[in-house]
Amino acid sequence: MKTVIESKVATPYAEALIQAAKSTNKIDIIIKDLVTIISLFKKYPVLRLYLEHPLVTLKDKQLATKNIFATFVDSLTVNFLLVLVEKNRISCVDTIIKKFTNILSDSMKISMARVTSAVPLTPAQQKELLVQLKDYCKASEVKLLCTVDPDILAGLKIQINSQLLDLSIEGQMKGLIKYLGLGVQLS
């Protein structure tokens, strides 16, 4: 139920961010900023908890948002985060980012690929992956949203719209365990 509500809440925010990014010619910058936000919240979960906590004052949340994010992301993205904080929607940021990528890819005929790797991809690896994904998607353009998650051990997880390509060692191990019927749980 929560995801349905979050999805409905996320749409206007995602559309507003897309409109602002297009009008300021900052689509690529905002896409990179959104990856940075995901990474920061994942690396520092206490930051998200702080910004969501009902006992922290709005003024303190706004100050923290400005001080922390201004060094990592564009001012347009900081202002967007401030709106989310003010409207108590920061808890929906993941859903808003997903909605942003889906709407953007639909409206601009661009495929958005969320790529998770165990270590950061080099520019050469990103370039090769773009070539492969363009061919796979039959898209004129593919944008990468790269994040790092050491838990996948090695390989990649690639999500393009609703498709998930799990090319990670973690995914292969889980598949093998399931196939063999071992009943072992990987974290």
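Above this text sits the structure in question.
K.L.:
What is the right way to read the nonpolar core from this model?
P.N.:
In globular proteins that are soluble, nonpolar side chains generally tend to be buried together. Core analysis: the largest hydrophobic core is formed by 38 residues, its most contacted members being Ile37, Phe41, Leu51, Phe69, Leu84, Ile96 and Phe100. Secondary-structure elements contributing two or more residues to this core are helix 1 (2–23), helix 2 (27–43), helix 3 (45–52), helix 4 (58–69), helix 5 (75–86) and helix 6 (93–108). In terms of residues, this core owes the most to one element, helix 2, which gives nine residues. In this view, Leu84 contacts Tyr13, Arg89, Ile90, Val93 and Ile96; residues no more than four positions away in its chain are not counted. Counting residues in each nonpolar core, the second largest holds 11 residues, with Val115, Val142, Leu156 and Ile160 among its members.

K.L.:
Is there a simple way to explain the sheet that holds strand 3 (residues 155–160) in this structure?
P.N.:
Strand-to-strand pairing in sheets goes through backbone hydrogen bonds, with the strands running parallel or antiparallel. Spatial ordering of the open sheet is given by 2-1-3-4, a layout of four strands whose pairing is mixed. Two strands in the sheet have a free side with no partner beyond their single neighbour: strand 2 (142–148) and strand 4 (163–168). Neighbour-to-neighbour, the strand axes of this sheet turn through a mean angle of 15°, independent of strand direction. Direction of pairing for strand 3 relative to strand 4: antiparallel, over a ladder of six bridges. Counted as the bridge partner of Lys157 is Asp166 from strand 4. On the sheet, helix 7 (residues 123–137) packs against strand 1 (111–117), strand 2, strand 3 and strand 4 and is oriented at approximately 125° with respect to strand 2. Packed onto the sheet, helix 8 (residues 169–180) meets strand 3 and strand 4 and runs at close to 95° relative to strand 4.

K.L.:
Help me out: how do you make sense of the side chain of Thr101 in this one?
P.N.:
For Thr101, the location among the structural elements is in helix 6. For Thr101, a relative accessible area of 6% gives the class buried. Here Lys98 takes part through its backbone oxygen, which lies 2.8 Å from a polar atom of the side chain of Thr101. The contact partners of Thr101, leaving out residues within four places of it in the chain, are Met112, Arg114 and Leu145.

K.L.:
Quick question: what am I supposed to make of unusual backbone geometry here?
P.N.:
The phi angle of most residues is negative, glycine excepted, and most peptide bonds adopt the trans form. One non-glycine residue, Asn25, lies in the positive phi region at around 60°. Residue position: Asn25 is located in the loop between helix 1 and helix 2. Despite not being glycine, Asn88 has its phi angle at roughly 55°, a positive value. Exposure remark for Asn88: the relative accessible area of 56% places this residue in the exposed category.

About the criteria used
- Residues numbered from 1 in each chain as written.
- Predicted model: local features only at pLDDT ≥ 70, side-chain atom pairs only at ≥ 80, totals over all residues.
- Heavy atoms only, no water.
- Core = buried A, V, L, I, M, F, W, Y, C linked by side-chain atoms within 4.5 Å.
- Buried < 20%, exposed > 50% of the residue type's maximum accessible area, 1.4 Å probe, protein only.
- Helix = DSSP H or I, 4+ residues; strand = E, 2+ residues; numbered from the N terminus.
- Contact = heavy atoms within 4.5 Å.
- Pairing = 2+ DSSP bridges.
- Axes fitted to C-alpha atoms, helices over the stretch in contact; angles between N-to-C directions.
- Polar contact = N/O pair within 3.5 Å; in protein donor to acceptor, adjacent residues only side chain to side chain.

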